Structure formats: C-alpha cells, structure tokens
Amino acid sequence: MHRSEQYEPERSRSAGGLADNFRSTRALTEALVVPLSDADATLQSMEDASPAKWHLAHTTWFWETFLLREHLHGYRLHDDRWPFLFNSYYEAEGARIARAARGVLSRPKLEEVLEWRAVVDDAMTPLLDDPALASLVALGVAHEQQHIELLLTDIKHALFCNPLGPAMWEGRAPARTAPAAMDWHAHPGGIALIGHDSTGFAFDNEGPRHRVLLEPFALADRLVTNGEWEAFIADGGYRNPRLWLADGWAWVQREGIGAPLYWREGEHFTPQGWKARDPNAPVAHISYYEADAYATWAGARLPTEFEWEAIAASHDPAAGNQLDGAAPPLPHGGTDLFGDCWQFTRSAYLPYPGFRVAEGAVGEYNGKFMSGQVVLRGASCATVRGHSRPSYRNFFYPNQRWQFTGLRLAKDA
Ligand SMILES: [Fe+2]
C-alpha cells in the first residue's frame, strides 16, 4: 500500500531563484567548516576522502574554471598555480596533484582559501542572472551540494581516525521510539517510466527517460535499524559465508569486518563524537556487500534502482531527514522514502538506453564512472534538502561505506 501523500512537485521547489541557491549553498559550505581548525581542515584520512579545505577550494575552482574563466570577460585566475591543486579528475583541464596527496596541501592556508571563495562569489554576481548560463550555474550549485555531503562524511572519517575521537559539534542525538513493524509499499508490476522527465535540473546520468518492465514487488516502508543489525551480528551474520556474495565474503575475510564502520561495542562514532548507539535509529555506514548479506539473512533482497524509482515517483524528495544547515547529520528513522541514509540497490551503475556523454569538460562529470559501481537511491541526513530527486542516481564501489549508506529491503510479491 502507499501510505505517503502524493508528491506535489511545486512544494519541493526552492522559493528563491538560482542566484539565491548559489549564495545559500556557498554560505552553507563555509558555515560547515566553522568548527574546524586549519589542521582539521587539512587532514586526509584515506584516499577516498578529501580534506575539508580541498572541498572548499575545489568547488571554488569549479566556478572559476567553468563559469568565470569561460564566460566573464577579462577575468583573471586568482592564482594560476591553484588549478593544479584543486582540479579533481577533469582530464580536459590538464595535470593535477594525485588524489592521495591532497592532504599535503598545508598551503594555501584555510584563510587564503576562504578569501578566494569571497573573490569568486563577488565575481560570479553578473553571471547569476544570465539565462544562457542558467544550466551551468545549476550544475555548479548541484556540484557544490555534492561536495557539502562529501565534506561532512570525509571529516567524520578523519576525526574518527583520531584516537581522541573529537566531536565536530557538541550535543547529543535525541533518543527515538521503537519503529513500528516493517510495512511494505506494494507495486503491481508493469511498464514503468524511469529517468528524469527533463523539467528542471538533473544530472546527465538520470536520463534519457525510458521504459522498464517490472514484476510485482514490494519495498519496505522504513530502513533497517541498528537493533536489527545487532540481531544479524548476534546470529553470526558476519561468520556465515552462505549469506555473502563471493566478493563480499573475500572482503570480510581480508579486512576482518565484523560490524558497520564506526561501531565499537555499544557505541558508534558520530559528528558529536563517540555516542551510545540508538537501536531504533537506521543502521548507517554499511557496504553493498553487507547490505546484500543482511537482506539474504532477512529472507528479502535489495531493490533494483527501477523498483525504487517506481515507488519514489509518488514521494516528496524534499521530505525526511536531510541537511538544512550547519548541524550534525544524524540518521534518526521514520517512514520517509528520502533522507537518513542513501539506500543500496542491486543495480549496476550503467548508462540508460540512449545516454550520450555531454560535450566539453562537464561531460566528464558522470559517464566515465560507469564501471564496477552500484547505484544508491534516496538522500541522506548529509544531503542538502532539495538536492535529490526520484530519478537521482548516487553511486559507489561495493566495498565503500564511509557515506551515510543504509538499507531498505525489497521482496518479490
Ligand atoms: Fe567535484
């Protein structure tokens, strides 16, 4: 059954225009680093993660490179040595520092990066209202919102690696009441239209819209909780190879995995430091392999990304526990389809029929990553509210779990 209200697209649209979105997004990035010292902001705790300072700078490089340099007559780069430091993966933009070496960038200082941000923000003003640049500005805003989420998850990992377990923000998460028994959104199957319908902004990987044939299925109305995950562990879930995909079992053995990332006994690491784990909150920081093993143990399976989207089409993507400001992202649970944790699907991240890579450097945004990754749907507590959509496709490698990744079960009807 569908328990949620019908999604009304108008409701989730931002009240302000693109210029307001630009300013509020830029301001949010900076508000998030207020608790960090220059040393905190320079840390790179693993190759997958980048320093907070690098995120501040790379997003600024994006505006300077694709908007100001290309479209503002007479604009001069703030420092012509910096593109080498802050280009992420754009081959068309030339050589760059190795990803794993981003943590050596003690210079420029945090203060200098923040000054650069202010210069770029000012310079952007005349471009924000140019209709010819609207889709590029919308891409830049969406790009910076993605980096806001990465900044939060990367600094969480960096602080976790410090034996002192420092808190980014003080405080405690409110305790949650036990969730109701899992209920299901039933779908009768049939032909579903999948992909973005081209109204408003979307990433290129969300289209073209196309038909997919679904068999009858059901999708759980809430995420799997910490308490349920503890039962999986207590039942020997991490020690039973029959529950695991072969790659997943090899990963468990090789890495000595026995619990979600950030767990230690009855606690877990949060942006507020080490805290007692709430059994009623959704489990987070699991890999695709773990999600799949749990689903097998529970007599269910992961949804396909198409099943997930068919249900999501009637849900509000701006509802649920998502990021509204500079506050600690903490999954808390509920029956919203979006929010708390990104949800693994069993779908490989592949191009949709008719997908074409866009011209120019921005064509490197999504298409070239369509190899070996799995699709996650929804949004998390670290996703800027308004960023996601029913057609939104997030993607990670099956062993990665430092994002707010969770699990919503599915089953054949
Ligand atoms: Fe980026």
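(A) Focus on the packing of aromatic side chains. Considering all chains together, one arrives at 35 aromatic pairs under this definition. Pairing Y349 with F395 gives two aromatic rings, centres 4.0 Å apart and planes at 10 degrees, and the pair type is stacked. Taken together, the positions of Y349 in the loop between β8 (342–348) and β9 (374–377) and F395 in strand β10 (residues 394–396) put the pair 46 residues apart, joining distant regions of the chain. For the residue pair Y349 and F395, the accessibility class agrees, reading buried in each case. An aromatic cluster of at least three residues, connected via ring pairs, comprises W61, F62, F66, Y89, Y90, Y349, F369 and F395. Across the ring face of W54, the terminal group of R102 is positioned such that the distance to the ring centre comes to 3.7 Å. The side chain of R277 reaches across the aromatic face of W263, ending 3.6 Å from its centre.

(B) Fine view of the sheet that holds strand β11 (residues 405–406). An order of β10-β9-β8-β11 is seen for the four strands of this open sheet, with the pairing classed as mixed. Single-partner strands in this sheet number two, and they are β10 and β11. Looking at chain direction, β9 and β10 are connected through three bridges and run antiparallel. Among the inter-strand pairings, L376 is bridged to a residue of β10, identified as N394.

(C) Representation of the environment of L127 within the structure. With respect to the element layout, L127 can be found in the loop between α6 (110–124) and α7 (134–160). For the pair L127 and A19, spaced 108 residues apart in sequence, the C-alpha to C-alpha distance is 9.1 Å. Once you skip the residues sitting within four places of it in the chain, L127 turns out to touch L67, L68, H71, L72, L133 and V137.

(D) Quick peek at the coordination of the iron ion. All of the protein donors around the iron ion are H58 (NE2), H143 (NE2) and H147 (NE2); their distances to the metal are 2.2 Å. All donors of the iron ion come from a single chain, and their spacing in sequence reads H-x84-H-x3-H. In this pair, H58 sits in helix α4 (residues 52–71) while H143 sits in helix α7, placing the two residues 85 residues apart along the sequence. Judged by relative accessible area, which is 1%, H58 ranks as buried.

(E) Quick look at the sheet that holds strand β5 (residues 263–264). What the three strands build is an open sheet, ordered β5-β6-β7; its pairing is antiparallel. Since the sheet does not close on itself, it has two edges, and those belong to β5 and β7 (273–276), each with one partner. Sheet topology note: the β5/strand β6 (residues 267–270) ladder contains two bridges and is antiparallel. In the strand pairing of β6, R264 is matched with E267.

(F) Highlighting α4. The end-to-end C-alpha separation of α4 is 28 Å, in line with the 28 Å expected for 20 residues at 1.5 Å each. Where α4 bends most, at E64, the angle is about 35 degrees. With respect to burial, α4 is a largely interior element, 17 of its 20 residues being buried.

(G) Representation of the pattern of salt bridges within the structure. Under the counting rule described, the total for this entry stands at 22 salt bridges. Residue R96 is joined to E91 by a salt bridge in which the shortest nitrogen-to-oxygen separation is 2.9 Å. We classify R96 as partly exposed; its relative accessible area is 23%. Shared partners join several salt bridges into a network, and the residues in it are R26, E30, R117, D121 and E144.

(H) Expanded view of the packing of α4 against α6. Where α4 meets α6, the axes come as close as 10 Å, and the angle between the chain directions of the two elements is 30 degrees. Looking at the two axes, α4 sits roughly parallel to α6. The crossing of α4 and α6 is left-handed. Counting all contacts with α4, which are made through K53, L56, A57, T59, T60, W61, W63, E64, L67 and L68, the residues of α6 involved are L110, V113, L114, W116, R117, V120, A123 and M124. Looking at the contact of α4 with α6 residue by residue, the class counts come to 13 nonpolar, two polar and three charged.

(I) Region of the structure containing the side chain of H387. Within the element layout of this structure, H387 appears in the loop between β9 and β10. Here H387 falls in the buried class, since its relative accessible area comes to 4%. A polar contact is formed between the side chain of H387 and the side chain of Y392, at a distance of 2.6 Å. In contact with H387, other than residues within four places in its own chain, are A142, Q145, Q146, F203 and Y392.

(J) Structural view of unusual backbone geometry. Residue P108 is reached from R107 by a cis peptide bond, and omega for that bond is 0 degrees. By the secondary structure assignment, P108 is in the loop between α5 (82–86) and α6. The step from G207 to P208 runs through a cis peptide bond, and the omega angle for that step is -5 degrees. In this structure, P208 sits in the loop between β2 (190–194) and β3 (210–214). Even without a glycine there, the phi angle at S198 is positive, about 75 degrees. Inspection of the secondary structure puts S198 in the loop between β2 and β3. For S198, a relative accessible area of 65% gives the class exposed. In this structure, Y262 takes a positive phi of about 80 degrees despite not being glycine. Positionally, Y262 belongs in the loop between α9 (246–255) and β5.

Rules used throughout
Residues numbered from 1 in each chain as written. Predicted model: local features only at pLDDT ≥ 70, side-chain atom pairs only at ≥ 80, totals over all residues. Heavy atoms only, no water. Phe/Tyr/Trp six-rings, centres within 6.5 Å; stacked < 30°, edge-to-face > 60°. Helix = DSSP H or I, 4+ residues; strand = E, 2+ residues; numbered from the N terminus. Buried < 20%, exposed > 50% of the residue type's maximum accessible area, 1.4 Å probe, protein only. Lys NZ or Arg CZ within 6 Å of the ring centre and 35° of its normal. Pairing = 2+ DSSP bridges. Contact = heavy atoms within 4.5 Å. Donors = N, O, S within 2.8 Å, 3.2 Å for Na, K, Ca; no water. Expected span 1.5 Å × (residues − 1). Bend = angle between axes of the 7 residues up to and from the residue. Salt bridge = Lys/Arg side-chain N within 4 Å of Asp/Glu carboxyl O. Axes fitted to C-alpha atoms, helices over the stretch in contact; angles between N-to-C directions. Parallel < 35°, antiparallel > 145°, perpendicular 65-115°, else oblique. Left-handed = near helix turned anticlockwise from the far one by under 90°. Nonpolar A, V, L, I, M, F, W, Y, C, P; charged D, E, K, R; others polar. Polar contact = N/O pair within 3.5 Å; in protein donor to acceptor, adjacent residues only side chain to side chain.

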